Amino acid sequence: MKTAVIYARYSSERQTEQSIEGQLRVCHEFAERNDLKIIDTYIDRAMTGTNDNRAAFQKMLSDSDKPQPWEIVLVYALDRFGRNSIEVAVNKQRLQKNGKILISATQRTSVNIDGTQNLDGIILENVLIGLSEYYSAELSQKIRRGQNESRLKGNFAGGKVPYGYTTANKKIIVNEERAEIVRWMYQSYSTGKIVREIIEELTARGVTHMGKPFKANTIYKILRLEKYIGIYRHGDEVFTNIYPQIVPTELFNRVQTMLAKNKLGSSSREVAFLLKKKVICGICGKPINGESGTSQNGTTMYYYKCSNRKKHHSCSKESIRKADLEEMVLNTTLMLLNKPENLSAIAEEVIEVHRKRAREQAVLALLRDERSKAQKALNNLMKALEAGIFTATTKDRITELELQIDELNGRILSEECKEANLLTKEDVEMFLLDALKAEPQLLIDTLIDKIILFDDEVEIFYKYSQNNNPDDLTKEIRRDFCLPWGKRIAVTDRHIIYAADLGT
Ligand SMILES: [Zn+2]
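Residues numbered from 1 in each chain as written. Predicted model: local features only at pLDDT ≥ 70, side-chain atom pairs only at ≥ 80, totals over all residues. Heavy atoms only, no water.

## Things to note about the overall build of the protein chain
Argument step 1. The helix and strand tally for the protein chain stands at 16 helices and 17 strands.
Argument step 2. A burial count over the protein chain gives 45% of its 504 residues as buried.
Argument step 3. Sequence separation of at least 24 residues holds for 62% of the intrachain contacts in the protein chain that already meet a minimum separation of 6.
Argument step 4. For the protein chain, the accessible surface area stands at approximately 26500 Å², while carbon and sulfur atoms represent 50% of it. (Helix = DSSP H or I, 4+ residues; strand = E, 2+ residues; numbered from the N terminus. Buried < 20%, exposed > 50% of the residue type's maximum accessible area, 1.4 Å probe, protein only. Contact = heavy atoms within 4.5 Å. Areas by Shrake-Rupley, 256 points an atom, 1.4 Å probe, with all protein chains shown as cover.)

The following block contains the structure:
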């Protein structure tokens, strides 16, 4: 059994903050599920404004410098570990140096509990810089602190108990056998199985609901039930202490994205325009935005329209139906990814860009900056020493600075090594194929730089090109790719350009 400590932090300035109790509960549940023994907790409570000393956090870090009976620091979310991604990385690095592992109870991390590296985690942390912050922001939005948490002791207030749970002593507890089935449903749906297939497979396995095969509606309800990630809403209040979480948050969120996508164009009120801020009018050069309108028979229509035409009627660009454009862009991009030589070319460019980015990366820059500051301080002290200015503390300070520089050199070196073998092409290819396919928005955000839309043609500019000047377009064709319907696609020095006929 692995041993761990929990670090929890609550800052009152953040309205969407999960309470300390909520964080601890989620961490303890995670520990139980993963066979972790919690032997201590470090808690920073109620800090206000910038007066952010994080005494417990500092103590935990300095404890980690010495031999400890624990191997893992468990946090509710990675953002507990610093006020920004740089701090998180630096602090995580310190733990790693001390042979300790940082694990989040709600987010995938680059290292697993057993110390092995988690490819998905590494890629999420490194390839998609910034996206993990996107996820945690979304997460904190969802988990609003239940105002009544202290009053309500987590008791079940009555009503229908959802599938996967049961009750004991006024508390909701997990029905493990059914919880396993719930997780299986989420997994299956997230990997592309449709609800009908899920029902068929369950029925074949003899898994039924109240003696009958599951109904599609029941499955949809299960796939949308927030209680499975431990969230219960009552009016405006949110309680996280009533339902134990049985579906990983990341999986739940992924399924919600897919569900939302699958019902686009139906009754969904909040329609996601996947190509938001990416499309430019080929005729006048102004942005093309998502719009909606009501047709004569009363149904809502969604389309992309030139902003210039909308405001000043001074552009002749026709609007295009949202579904048509998005489908074309997604299909084209997936088709691109599906061709091994394309996948390989994109993966190489992704690697190149991210190596470059990693080299300039903030962590390394921060460490080097720290080192140069320490070096400067040391130089000044040496000068003072030469000038005969000497106090009792001078020598201590010099030794301290020398040690600090030594340590920084080590960390810089390890950071540089890490960068050198950060990602393999296979990692990136796998990521491009699996993770991106499941999430159209991620696919678009990750790969597409911009889209220029004409009435009869669309040009998709993909990210990841060695040359970073997007305005200087040369269409010199280096390689030709042939798509099934025989359209032209070319990789230029700068971009992969796909020209598609929009006439239907
Ligand atoms: Zn226009």
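## Focus: the sheet that holds strand 12 (residues 320-321)
In a beta sheet, neighbouring strands pair by backbone hydrogen bonds and run either parallel or antiparallel.
Argument step 1. Read across the sheet, three strands follow the order 10-11-12 without closing on themselves; strand pairing throughout is antiparallel. One side of each edge strand has no neighbouring strand; the edge strands of this open sheet are strand 10 (288-294) and strand 12.
Argument step 2. Where strand 11 (residues 300-306) meets strand 12, two bridges bridge the pair, whose relative direction is antiparallel. The residue of strand 12 that forms the bridge with Tyr304 is Ile320. (Pairing = 2+ DSSP bridges.)

## A word on the coordination of the zinc ion
Argument step 1. Taken together, Cys281 (SG), Cys284 (SG), Cys306 (SG) and Cys315 (SG) make up the protein donors of the zinc ion, found 2.3 Å from the metal.
Argument step 2. For the zinc ion, the four donor atoms in the first shell make angles of 99 to 117° at the metal, so the coordination geometry reads as tetrahedral.
Argument step 3. In terms of primary sequence, the donors binding the zinc ion are separated according to C-x2-C-x21-C-x8-C.
Argument step 4. Take Cys284: its relative accessible area is 26%, and that puts it in the partly exposed class. (Donors = N, O, S within 2.8 Å, 3.2 Å for Na, K, Ca; no water. Tetrahedral: all angles 85-135°; square planar, octahedral: opposite > 155°, others 65-115°.)

## Points about the pattern of salt bridges
A side chain of one charge can pair with a side chain of the opposite charge when the charged atoms of the two come close.
Argument step 1. One pass over the structure, following the stated rule, counts 14 salt bridges.
Argument step 2. Glu201 is paired through a salt bridge with Lys193; the nearest N and O atoms lie 3.4 Å apart.
Argument step 3. Sharing partners across several salt bridges, the network here consists of Lys59, Asp63 and Lys66. (Salt bridge = Lys/Arg side-chain N within 4 Å of Asp/Glu carboxyl O.)

## Thoughts on the pairing of strand 4 (residues 101-104)
Argument step 1. Residues Ile101 and Ile103 of strand 4 are buried on one face, and the alternating residues Leu102 and Ser104, pointing to the opposite face, are buried as well.
Argument step 2. Inspection of the sheet shows strand 3 (residues 72-75) paired to strand 4 by four bridges, in the parallel sense. In the sheet register, Val75 faces strand 4, and the bridge partner there is Ser104.

## Brief notes about the confidence of the model for the protein chain
Atomic detail in the predicted coordinates should be set aside for any region of low pLDDT.
Argument step 1. Counting all residues, the mean pLDDT for the protein chain is 74, and 70% of those residues have values of 70 or more.
Argument step 2. Within the protein chain, strand 3 carries the highest mean pLDDT (94), whereas strand 15 (residues 479-482) carries the lowest (34).
Argument step 3. In this model residues 465-504 is a low-confidence stretch, pLDDT under 50, and it forms 95 contacts with partners more than four residues away in sequence or in other chains. (pLDDT = per-residue confidence, 0-100.)

## Remarks on helix 2 (residues 55-65)
Argument step 1. Those residues of helix 2 not exposed but buried are Ala56, Phe57, Met60, Leu61, Asp63 and Ser64. Along helix 2, the residues classed as buried sweep out an arc of 160° about the axis, all on the same side. (Arc of directions from axis to C-beta.)

## Here's the deal with the packing of aromatic side chains
Argument step 1. Per the stated rule, a full pass over the model turns up ten aromatic pairs.
Argument step 2. Measuring from centroid to centroid gives 5.4 Å for Tyr163 and Phe214, while their planes differ by 85°, and the two rings are edge-to-face. Placement of the pair is Tyr163 in the loop between helix 5 (131-142) and strand 5 (165-168) and Phe214 in the loop between helix 7 (195-204) and helix 8 (216-224), with a sequence separation of 51 residues. Accessibility assignment for this pair places Tyr163 and Phe214 in one class, buried.
Argument step 3. Grouped by ring-pair contacts, the aromatic residues Tyr165, Tyr186, Tyr228, Tyr232, Tyr243 and Phe252 constitute a single cluster.
Argument step 4. Lying across the ring of Trp70, Lys100 places its NZ or CZ 5.4 Å from the centre.
Argument step 5. Across from the ring centre of Trp184, 4.8 Å away, lies the NZ or CZ of Arg205, which sits over that ring. (Phe/Tyr/Trp six-rings, centres within 6.5 Å; stacked < 30°, edge-to-face > 60°. Lys NZ or Arg CZ within 6 Å of the ring centre and 35° of its normal.)

## Here we look at unusual backbone geometry
Argument step 1. In this structure, Asp35 takes a positive phi of about 60° despite not being glycine.
Argument step 2. Take Asp35: it is sitting in the loop between helix 1 (20-33) and strand 2 (36-47).
Argument step 3. Despite not being glycine, His313 shows a phi value in the positive range, around 50°.
Argument step 4. Structurally, His313 is set in the loop between helix 10 (307-312) and strand 12.

## Concerning the side chain of Lys317
Argument step 1. Inspection of the secondary structure assignment puts Lys317 in the loop between helix 10 and strand 12.
Argument step 2. Residue Lys317 is classed as buried on the basis of its relative accessible area, which comes to 3%.

## Looking at the packing of helix 6 (residues 176-190) against helix 8
Argument step 1. Following both chains from N to C, one finds helix 6 and helix 8 inclined at 90°, their axes separated by 10 Å at the closest point. Judged by the inter-axis angle, helix 6 sits roughly perpendicular to helix 8. In this structure, helix 6 contributes Val182, Met185, Tyr186 and Tyr189 to the contact, and helix 8 contributes Ile219, Ile222, Leu223 and Arg224.
Argument step 2. Per-class residue counts for the contact of helix 6 with helix 8 are seven nonpolar, no polar and one charged. (Axes fitted to C-alpha atoms, helices over the stretch in contact; angles between N-to-C directions. Parallel < 35°, antiparallel > 145°, perpendicular 65-115°, else oblique. Nonpolar A, V, L, I, M, F, W, Y, C, P; charged D, E, K, R; others polar.)

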